[in-house]
Amino acid sequence: MAISFWGLMSDAVMSASWLELGVLLILLAMSVISWAVIIMKIALLRRARANNEHFRVAFETYDHTGQVAEEGRKDEAGPAPLYAIFTAAIASRQDAREDAKSMMPVPNGEFPLRSPRQLAERVRLAMDHARRAEFTRLSKHLNVLASAGSASPFIGLFGTVWGILATFQTLGAAKSASLQALGPPIAAALIATAAGLAVAIPAVMAYNWFVGRIDEEQEEAQCFEEDLARLLRANGAMNEPGSSAQTSQPLAKSA
């Protein structure tokens, strides 16, 4: 006689001990959390991709930074790595110009905390920090999937081992035993391992897919960062504030 999945599950749960039920509840909670993270990450990566594509269009269409900064603003809430890198570079250069205007004498033996010098290094670090911040945001909560994928099979195995031990202990204390008496508790014990695998498999697959997608996005952001630094150097925007080598439009895009 065929037994349905839900019938098998209900019979196993009814035959489970309190510890096995606790293991199943833990695995259920881990599954719910894992799927919540998966859904959230899919939406976050889609928004990041949409924001990057929107900024790319603005960056390739307009001729100076003011237009790009205005038209390239992210359309959707969420990370926007390329826009963050671009605005960090502009803000860093503007800060250097403000520092050059407000330089104050420093007492002997003291060191200034702000300086307009080494502008190229300052802009590069600002872009790097902006990129890292955006991808830290994209990678947030991936450790939940990693933990679920690695720990849930062992949690399920623990429930199975405990259930089998309890079953054999009962069998040893009984004067006689039948398959009808031993089947349900052993099935309940094995359900814990199945539940652990059911949690681990989608969590591991999703984790690997997210890591691959984030790596692709990060490679694109690094390439854009290098292209932007080259463009800023070509237009003289990396020259020190006050330098006579600066162009009249230091941040304009080159043809």
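Refer to the structure printed above.
This one's a predicted model, so the numbers in the text were calculated from it and none came from an experiment.

Caption draft 1: Summary view of the overall build of the protein chain. Within the protein chain, the secondary structure is distributed over seven helices and zero strands. Out of the 255 residues in the protein chain, the part that is buried amounts to 35%. Once local pairs closer than 6 in sequence are excluded, the contacts in the protein chain between residues at least 24 apart make up 78%. As displayed, the protein chain has an accessible area near 15,200 Å², and 62% of this comes from carbon and sulfur atoms.

Caption draft 2: Quick look at the pattern of salt bridges. Scanning all chains against the criterion turns up eight salt bridges. With a closest N to O distance of 2.8 Å, R124 and E121 form a salt bridge. You can see R124 and its partner E121 sitting in helix α5 (residues 119-139), three residues apart, about one turn around the helix. Residue classification places E121 among the partly exposed residues on the basis of a relative accessible area of 37%. For the salt bridge of R213 with E217, the shortest nitrogen-to-oxygen distance reads 3.9 Å. Note that R213 and E217 are positioned in helix α7 (residues 179-234) at a spacing of four residues, about one turn of the helix. Classification of R213 by relative accessible area gives partly exposed; the value is 22%.

Caption draft 3: Molecular detail of the packing of aromatic side chains. Overall, the coordinates contain eight aromatic pairs when judged by the stated rule. Ring geometry for F59 against F224: centres 5.2 Å apart, planes inclined by 75 degrees, an arrangement best described as edge-to-face. Here F59 is found in helix α2 (residues 18-61), whereas its partner F224 is found in helix α7, with 165 residues between them in sequence. No difference in accessibility class separates F59 from F224, as the two residues are buried. The structure contains a cluster of three or more aromatic residues connected by ring pairs, namely F55, F59, Y83, F86 and F224.

Caption draft 4: Looking closely at unusual backbone geometry. In this structure, H141 is a non-glycine residue whose phi angle is positive, near 75 degrees. Looking at where H141 falls in the secondary structure, it is placed in the loop between α5 and α6 (142-173). Given a relative accessible area of 34%, H141 falls into the partly exposed group.

Basis of the calculations
Residues numbered from 1 in each chain as written. Predicted model: local features only at pLDDT ≥ 70, side-chain atom pairs only at ≥ 80, totals over all residues. Heavy atoms only, no water. Helix = DSSP H or I, 4+ residues; strand = E, 2+ residues; numbered from the N terminus. Buried < 20%, exposed > 50% of the residue type's maximum accessible area, 1.4 Å probe, protein only. Contact = heavy atoms within 4.5 Å. Areas by Shrake-Rupley, 256 points an atom, 1.4 Å probe, with all protein chains shown as cover. Salt bridge = Lys/Arg side-chain N within 4 Å of Asp/Glu carboxyl O. Phe/Tyr/Trp six-rings, centres within 6.5 Å; stacked < 30°, edge-to-face > 60°.

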